[in-house]
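# Structural characterization, general
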Amino acid sequence: MANQADLIIGLQWGDEGKGKIVDHMAQTHDYVCRFAGGHNAGHTIVIGDQTYALHLIPSGVLNSSAVNVVGNGVVLSPKDFIEEMEQFDDLEGRLFISDKAHLLLPYHALIDQARERMKGDKAIGTTGKGIGPAYGDKVTRVGHRVGELLDPPKLAAKITTYFEMYRGIFEVMGVELPTEAELVEELSGYKAVLAPYITDTTLLVWDALDSGKKILLEGAQGTMLDIDHGTYPYVTSSTTVSAGAASGLGIAPRDIGRVTGIAKAYCTRVGNGPFPSEDHGEAGQRLRDNGHEYGTTTGRPRRCGWFDAVAARHAVRINGVDQIALMKLDVLDGFEEIKVCVAYEVDGRRIDYVPYDLEEATPVYETFPGWDTTRGIQSFDALPQTAREYITALEEMVGAKMGIISTSPKREDTIVRKE
Ligand code: IMP
C-alpha cells in the first residue's frame, strides 16, 4: 500500500479541541501540514511552564524533529506570522511556507472590519482578521501570493495598481492605504524574515509521501464553517472539510489515509448564524463555565448547546471520517440530564439531514441520564455506565466509532480504544 497521510478535521463549528489531539499526534509524525484558513484559527499549548499560542504555524513545531508545512490553501499574514515565529528560535529547516499561499495584508483586515460594520445586524461575526477579503482577492484573481514577497518593489507596484482599481471602495469603507514607498518598506521587512522559509511545498510533501514519512494534515475551523457545506453565509472563506486537504497542499485524494474527526461532547459556536441546539438558559451557561468556552483568537464568549447528531452525521459523511475523537466529555459531568439533537423539524416536518437553510430548523431532542464524574478517567471501562451509554448512542447516531475520548485538558487523560 502506498504511504498515506493522516488527517485531523473539525466536525462542528470549530474549537472542537483539535489542539490537544494534533499536539498528541504531532509527536509521532515527521511532517505536520496546514492546508486551509489563516490566523483566524488558534489554540494554546502548555508544555511545562511555557505557554505557546499557535494560529498558523503547524503544531509539529513543538516536536523538534518534525517538519512543518504551511500549504498553498492558506492565507498568510506576514506580520502576524512573524510575531508567531518569535516564540521559537530554531525554525530554519523545519518550517516551510508554500510560495503559492496567498498573502493577507493589513488592508484585508480593515476591509473585513468595515464590511462587518456595514452589515449591521447581518454581520457574520468574523474574527476581523481579513480572512474573507484575502480569499476574495484570490478567487477574483487580484490576490498576491507569498512567492511575490521575494521581489518587494515589483509586488508593491502591483498592489498599488490594485489599490487604484478599488480606490472608490476603499474610500467608502474608510480604509487608509499605504503609499508605494511605504509598501516597499513593509514588504522588504517581511522578505528579510520569511525568504528562507518560502518554497514549493507541493514538491516537499510529494517527496515526504514517496519516501514513507509519517504525515499529519492539520485541519482548521470546522465542517459547519466550510464555505460550501457550512451554514452559508455564516461561514469562513475556506474549504475546511477533508477535500480541502488535497487542493490546499497539492496532493491527490488517495494520498489521504485515516481521517480522525474531532467533536466535542456538546456543541459551541462563535460568531453569528444558525445553531439549532444552542441552549440560551442555565445549561448553556454551565457548559460555557465548565468548558471555559471563550475564543482563543478573539476572547469572545462562545455560544453553547447540546451535541447535534444530525450535523455530526453530515460531517462524518462529508469528511470520510474513520474515527472520532470525542473531546471534553468531563464538561458534561454533574448534569442530571443530557440532551442530544437527534433530528430537526422544518415546517412541521421531521428531517434527519442538514437542510439548505438551517436557520429554519428547530431541534428534536432525546434525553439521556447524566453521570457524576468522568474527569481524568483513562480507560473506557472505568467510565460511568451512563457515560458509556451516551457515547455508544452517539456512535450509532453519527455512524462512526469514538476511538479517542478526552476527559481533561491533560495529555494523559485521553482514552484510546482498541481498534
Ligand atoms: P472569519 O474566518 O474570520 O471570516 O470568520 C467567519 C466565521 O468563522 C465567524 O463565525 C468566526 O467566528 C468563525 N471562525 C473562524 N475561525 C474560527 C475558529 O478557529 N474557531 C471557531 N470559529 C471560527
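Counting residues in each nonpolar core, the largest one holds 62 residues, and the members touching the most others are L217, F307, L332 and Y390. Per-element accounting of this core gives the leading share, seven residues, to helix α11 (residues 385-398). Excluding residues that lie within four positions of it along the chain, L217 makes contacts with A5, D6, L7, I8, C33, F35, A245, L249, I251 and I256. Counting residues in hydrophobic clusters, the runner-up holds 40 residues, among them Y52, F88, L95 and F170.

Let us look at the packing of aromatic side chains. Scanning the model with the defined rule gives twelve aromatic pairs in all. Ring geometry for Y107 against F170: centres 6.2 Å apart, planes inclined by 80°, an arrangement best described as edge-to-face. You can see Y107 sitting in helix α3 (residues 106-119) and its partner F170 sitting in helix α5 (residues 152-173), a full 63 residues away along the chain. Per residue, the accessibility class of Y107 equals that of F170, and both read buried. Note on F163 and F170: the rings are 5.7 Å apart at their centroids and 90° apart in plane angle, and the pair reads as edge-to-face. Relative accessible area serves as the criterion here: at 3%, F170 is assigned to the buried category. Every member of this aromatic cluster is reached through a ring pair, and the members are Y107, Y162, F163, Y166 and F170. One residue, R286, lies across the ring of F335, its end atom 4.1 Å from the ring centre. Residue placement shows R417 over the ring face of F380; its charged tip is 3.8 Å from the ring centre.

Take the packing of α3 against helix α4 (residues 131-140) next. Contact geometry of α3 with α4 gives a least axis separation of 7 Å together with a crossing angle of 115°. One way to sum up the angle between α3 and α4 is to call them roughly perpendicular. Remark: the crossing between α3 and α4 carries right-handed chirality. Residues H108, I111, D112 and R115 of α3 pack against I131, P133, A134 and D137 of α4. Class assignment for the residues of the contact of α3 with α4 results in four nonpolar, one polar and three charged.

What follows concerns the domain arrangement of the protein chain. Annotation of the protein chain at the domain level lists domain 1 (5-76 + 202-416) and domain 2 (102-196). Averaged C-alpha coordinates put domain 1 and domain 2 at centres separated by 30 Å. Listed per partner, the contact involves 21 residues of domain 1 and 17 residues of domain 2. Both sides of the domain 1 and domain 2 interface together cover about 1,500 Å² of buried area, and 58% of this is carbon and sulfur.

Here the structure, examined in full by the defined rule, presents 13 salt bridges. The shortest N-O distance in the salt bridge between E16 and K18 comes to 2.7 Å. Assessed through its relative accessible area of 0%, E16 is described here as buried. K18 gets classed as buried once you look at its relative accessible area, which sits at 11%.

What follows deals with the environment of A387. Its place among the elements puts A387 in helix α11. A387 sits in the buried class, given a relative accessible area of 0%. Separated by 18 residues in sequence, A387 and P369 place their C-alpha atoms 8.5 Å apart. With residues near it in sequence (within four places) discarded, A387 still touches W371 and T374.

Attention now goes to the site of the ligand. Not every one of the 16 residues close to the ligand is listed here, only the nearest: D15, N40, T127, T236 and R300. G125 is positioned with one of its backbone polar atoms (N or O) 3.4 Å from an oxygen atom of the ligand. Between the ligand and R300, the relevant distance is 3.0 Å, taken from an oxygen atom to a side-chain nitrogen or oxygen of the residue. Out of a free accessible area of 470 Å², the ligand has 96% covered by protein chains. Within the shell around the ligand, the residues separate by chemical class into seven nonpolar, seven polar and two charged. When residues of the shell around the ligand are sorted by domain, at least three fall in each of domain 1 (5-76 + 202-416) and domain 2 (102-196).

Rules used throughout
- Per chain, residue numbering runs from 1 following the sequence as it is written.
- Only residues with pLDDT of at least 70 get local features here, since the model is predicted, and only at 80 or more are side-chain atom pairs given and counted; chain-wide, interface and lining totals rely on the full set of residues.
- Note that the side-chain values use all heavy atoms of the structure and ignore hydrogens as well as water.
- Only buried residues count toward a nonpolar core, which is a set of Ala, Val, Leu, Ile, Met, Phe, Trp, Tyr and Cys residues joined through side-chain atoms within 4.5 Å.
- Only protein chains enter the accessibility calculation, which uses a 1.4 Å probe; a residue whose area is less than 20% of its type maximum is buried, one above 50% is exposed, and one in between is partly exposed.
- Strands are runs of DSSP state E lasting at least 2 residues, helices are runs of H or I lasting at least 4, and numbering of each runs from the N terminus.
- Note on definitions: a residue-residue contact is assigned when non-hydrogen atoms from the two residues lie within 4.5 Å.
- Aromatic rings from Phe, Tyr and Trp, taking only the six-membered ring of Trp, are treated as a pair when their centres fall within 6.5 Å; an angle between ring planes under 30 degrees marks them as stacked, one over 60 as edge-to-face, and anything in between as tilted.
- Cation placement over rings: the criterion is NZ of Lys or CZ of Arg within 6 Å of the ring centroid and within 35° of the ring normal.
- Note on geometry: axes are lines fitted to C-alpha atoms, helical ones only across the stretch in contact, with angles between N-to-C directions running from 0 to 180 degrees.
- Angular relationships are summarised with four words: roughly parallel below 35 degrees, roughly antiparallel beyond 145, roughly perpendicular across 65 to 115, and oblique for the angles in between.
- Handedness of a helix crossing follows the sense of rotation of the near helix relative to the far helix, less than a right angle counterclockwise being left-handed and clockwise being right-handed.
- We call Asp, Glu, Lys and Arg charged. Ala, Val, Leu, Ile, Met, Phe, Trp, Tyr, Cys and Pro are nonpolar, and the rest, Gly among them, are polar.
- What marks off one domain from the next here is an automatic or database domain assignment.
- Summed over both partners, the accessible surface that disappears when two parts come together, traced with a 1.4 Å probe, is what is meant by buried area.
- Think of a salt bridge as a Lys or Arg side-chain nitrogen and an Asp or Glu carboxyl oxygen that are within 4 Å of each other.
- Proximity is defined per residue: any heavy atom of the residue falling within 4 Å of a molecule or strand makes that residue near it.
- Any N or O atom pair separated by 3.5 Å or less is treated as a polar contact, with the protein-specific requirement of one donor-capable and one acceptor-capable atom, and with residues adjacent in sequence counted only for side-chain atom pairs.
- With residues, only the protein chains shown are counted as cover, and all accessible areas are computed by Shrake-Rupley using a 1.4 Å probe.

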